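Structure assessment
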Amino acid sequence: MTQSLPARGNNLDPWYDSYAARTAGLAASEVRALFAVASRPEVVSLAGGMPYVSALPQELVTGAMQKVMADEGPTALQYGSGQGVPRLREQILEVMALEGISGSADDVVVTTGSQHALELFSKLFLDPGDVVIAEGPSYVTAMVIFRSYQAEVDHVPMDEHGLLPGALREHIARLKAAGRRIKFLYTIPTFHNPAGVTLSWERRLEILEICAAEGILVLEDNPYGLLYFGDRPPAAMRSIEDEGVVYLGTFSKTLAPGFRLGWALAPHAIREKLILANEAAVLSPSSFTQLVVSEYLSKADWRGQIDIFRGVYRERKEAMLAALAEHLPELSWTNPNGGFYVWLTLPPALDSKAMLPRAVKELVAYTPGTAFYADGGGRHNIRLSFCYPTPDQIRIGIRRLANVVNGELDLLETFAGTGEFAPTRTDGVSYPPSDMR
Ligand SMILES: Cc1ncc(COP(=O)(O)O)c(C=O)c1O
């Protein structure tokens, strides 16, 4: 059969010429490519954003599964509604109430993780050439989706209090003057991925005002809001404004991502379209996992479990910041009050992406800042995740990272002006990890 394949495409893929134009943006993300390398056991990975699911007692899940199968097995194994199980949607309201949100279960659409909600929302709103405004940096896999719908991401800068309203105003004015169609603002206001910062209350109000005045819909993505380490963060943007905000939530970080359960809370008309898009994509989200999570929420102390997760992540963040202060005191980094991530700024002479192979050689992995920009920014930044490795592993990882950074800086200094050394060149460099030396 293979002889009859059409003579086109390329050596690697005979169907190369057949893909839809929108797949041009579907390149493997840097995060994804990294997982392969960083999953080797000897590498301390500060790269991925995997929740520490071992902090969830397995018997809670097993108990819920058994109960569901005993009481409503046939329903759990059957197709369900495209909007999601009504009982679970009611419980999702209780979860969102913790973030100051009130709404109706009618306006909740259950999805296969919030990633899927991002996909459905993008499918509803994005045409080729549209613009999505997002923080700079922004969540890498949301940008992969936006690009797959041939939209462009316009990054608005942040500081330690989140997105800058003045800069947002300027960007909107510039885009509109250039005749661009802005479809929505995609924002992660609380414990931002990757920057770790939180949008202040005053700015939440101001940004909502700007968007309302400019007729720009807000897509609020909030996977981390309940994972705070000290004071509660400001209430969700959706608690302030309902018609102009579509809110995305998930059980991935407060329970476990393996359930693949997230949701959107949307104004009526958008909700209707989201349900249709959900049905078109998956018929219905998994009845089984929805019923198991619903059972868990009705029987287990889920608020107490979130508190346990908070304690785990708080300890890990503290370990990371203490190790950074000890080993890389001359650098700067964000101090997140919750979530999973620290955003590190390197000296301008260093390039985080080019330095990565050397870091992996030193048995530490991170995500280069460039992964989180659609426009090539982030070269001097690194996202460090403290969610998965233990505090001891974090300390080892940061020590290794410091060796890489300091090694690069030493070489730079040694060969400064000689033209002999490109700071991040890795060819021919071979040395064992320093804590094995
Ligand atoms: C900002 C953000 N949005 C969405 C997601 C997707 O989460 P899930 O599909 O597991 O709900 C993630 C996962 O890391 C994330 O960090």
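Residues numbered from 1 in each chain as written. Predicted model: local features only at pLDDT ≥ 70, side-chain atom pairs only at ≥ 80, totals over all residues. Heavy atoms only, no water.

**Notes on the sheet that holds strand S3 (residues 131–136)**
Formally: DSSP-based pairing: two strands are paired if at least 2 bridges between them are found. A run of H or I in DSSP becomes a helix once it reaches four residues, and a run of E becomes a strand once it reaches two; helices and strands are each numbered from the N terminus. Whether two residues are in contact is decided by their heavy atoms: any pair within 4.5 Å suffices. Here an axis means a line fitted to C-alpha atoms, over the contact stretch when the element is a helix, while the angle between two N-to-C directions is reported on a 0 to 180 degree scale.
In space, the eight strands of this open sheet follow the order S2-S9-S8-S7-S6-S3-S4-S5, with mixed pairing throughout. On the outer flanks of this sheet lie strand S2 (108–111) and strand S5 (162–163), each paired with one strand and no other. Strands in contact with helix H8 (residues 268–282) are S2, strand S7 (217–221), strand S8 (245–250) and strand S9 (262–265); relative to S2, the strand with the most contacts, it is inclined by about 25°.

**Considering the environment of Asp-130**
Here Asp-130 is to be found in the loop between helix H4 (113–125) and S3. Along the primary structure Asp-130 and Glu-152 are separated by 22 residues, whereas in three dimensions their C-alpha atoms are 6.2 Å apart. The contacts of Asp-130, once residues within four sequence positions are left out, are Phe-125, Gln-150, Ala-151, Glu-152, Arg-181 and Lys-183.

**Quick look at the nonpolar core**
Definition in use: What is meant by a nonpolar core is a set of buried Ala, Val, Leu, Ile, Met, Phe, Trp, Tyr and Cys residues, joined one to another through side-chain atoms within 4.5 Å. Any residue under 20% of the maximum accessible area for its type is buried, any over 50% is exposed, and the rest in between are partly exposed; the area is computed with a 1.4 Å probe on protein chains only.
Counting residues in each nonpolar core, the largest one holds 73 residues, and the members touching the most others are Phe-251, Leu-384 and Leu-401. Counting residues per element, this core draws most heavily on helix H10 (residues 302–327), which supplies ten residues. For Phe-251, the contacting residues outside a window of four places in its chain are Leu-88, Ile-92, Val-95, Ala-256, Leu-261, Trp-263, Val-293 and Leu-297. The next biggest cluster of nonpolar side chains, apart from the first, holds 29 residues, and it includes Ala-142, Met-143, Ile-145 and Ala-266.

**What about the site of the ligand?**
Test applied: For this purpose, a residue is taken to be near a molecule or strand whenever a single non-hydrogen atom of the residue falls within 4 Å of it. In protein, a polar contact means a hydrogen-donor-capable atom and an acceptor-capable atom, both N or O and within 3.5 Å, with residues adjacent in sequence counting only if both atoms are side-chain atoms; elsewhere, any N or O pair within 3.5 Å suffices.
Among the 14 residues in the neighbourhood of the ligand, the closest are listed as Asp-221, Tyr-224, Thr-250, Ser-252 and Lys-253. A distance of 2.6 Å separates an oxygen atom of the ligand from a polar atom in the side chain of Tyr-224. Here an oxygen atom of the ligand and a side-chain polar atom of Ser-252 are 2.6 Å apart. Among the elements that take part in the shell around the ligand, H4 stands out by supplying three residues, more than any other.

**Focus: the side chain of Gln-305**
Relative to the helices and strands, Gln-305 is located in helix H10. On the accessibility criterion, Gln-305 (3% relative accessible area) is buried. Within the structure, Gln-305 has its side chain in polar contact with the backbone oxygen of Ala-55 (distance 2.9 Å). Once residues within four sequence positions are removed from consideration, Gln-305 is found in contact with Ala-55, Leu-56, Pro-57, Leu-60 and Tyr-296.

**Regarding helix H7 (residues 201–214)**
Stated precisely, the cut-off is as follows: Working rule for helices: expected span equals 1.5 Å times residues minus one. It is the directions from the helix axis to the C-beta atoms that the arc portrays.
Helix length check: H7 (14 residues) gives 20 Å between terminal C-alpha atoms against 20 Å at 1.5 Å per residue, within 8%. Of the residues making up H7, those classed as buried are Arg-203, Arg-204, Ile-207, Leu-208, Ile-210 and Cys-211. End-on view of H7: buried residues confined to an arc of 160°, all on one side of the axis. In H7, those exposed residues whose orientation departs by more than 90 degrees from the buried face are Glu-202, Glu-209, Ala-212 and Ala-213. Contacts from the buried residues of H7 go to strand S4 (152–159), S5, helix H6 (165–177), strand S6 (182–187), S7 and S8. In the segment just after H7, Gly-215 is the residue with positive phi, at about 70°.

**Details of the packing of H4 against helix H5 (residues 140–148)**
Geometry of a packed helix pair, given as the angle between the helix axes and the separation of the axes. Stated precisely, the cut-off is as follows: Our angle categories are set so that under 35 degrees counts as roughly parallel, over 145 as roughly antiparallel, 65 to 115 as roughly perpendicular, and the remainder as oblique. By definition, any crossing whose near helix is turned counterclockwise from its far helix by less than a right angle is left-handed, and any crossing with a clockwise turn is right-handed. Ten residues, namely Ala, Val, Leu, Ile, Met, Phe, Trp, Tyr, Cys and Pro, are considered nonpolar, four, namely Asp, Glu, Lys and Arg, are considered charged, and the remaining ones, Gly among them, are considered polar.
Running from N to C, H4 and H5 point in directions that differ by 25°, and their axes come no closer than 10 Å. With respect to H5, the axis of H4 lies roughly parallel. At the point where H4 passes H5, the crossing takes the right-handed sense. Packed against H4, whose contacting residues are Gln-115, Leu-118, Glu-119 and Ser-122, the element H5 presents Thr-141, Ala-142, Ile-145 and Phe-146 at the interface. Its residues assigned to classes, the contact of H4 with H5 comprises four nonpolar, three polar and one charged.

**Side note on the packing of aromatic side chains**
Spelled out, the test is: Here a pair means two rings of Phe, Tyr or Trp (six-membered ring of Trp) with centres within 6.5 Å. Their orientation is stacked below 30 degrees between planes, edge-to-face above 60, and tilted elsewhere. Each ring is checked for a lysine NZ or an arginine CZ that lies within 6 Å of its centre and within 35 degrees of its normal; such an atom marks a charge sitting over the ring.
Evaluation of the coordinates by the stated rule reveals 13 aromatic pairs. Aromatic pair Phe-121 and Phe-184: ring centres 4.8 Å apart, planes at 80°, arrangement edge-to-face. One end of the pair, Phe-121, is in helix H4; the other, Phe-184, is in strand S6, with 63 residues separating them in the sequence. Comparing Phe-121 with Phe-184, the two get one shared label, buried. Taken together, the ring pairs in this structure connect Phe-121, Phe-125, Phe-146, Phe-184 and Tyr-186 into an aromatic cluster. In this arrangement the basic side chain of Arg-310 is found over the ring face of Tyr-228, its NZ or CZ atom lying 4.0 Å from the centre. The ring of Tyr-52 is capped by Arg-316, whose NZ or CZ atom sits 4.0 Å from the centre of that ring.

**Here we look at the packing of helix H11 (residues 352–361) against helix H12 (residues 391–414)**
As a packed pair, H11 and H12 sit with axes 9 Å apart at the nearest point and diverge in direction by 125°. Judged on the interaxial angle alone, H12 and H11 are oblique. Seen from above, H11 lies across H12 with right-handed handedness. On H12, the residues that touch Met-355, Arg-358 and Ala-359 of H11 are Leu-401, Val-404, Val-405, Glu-408 and Leu-411.

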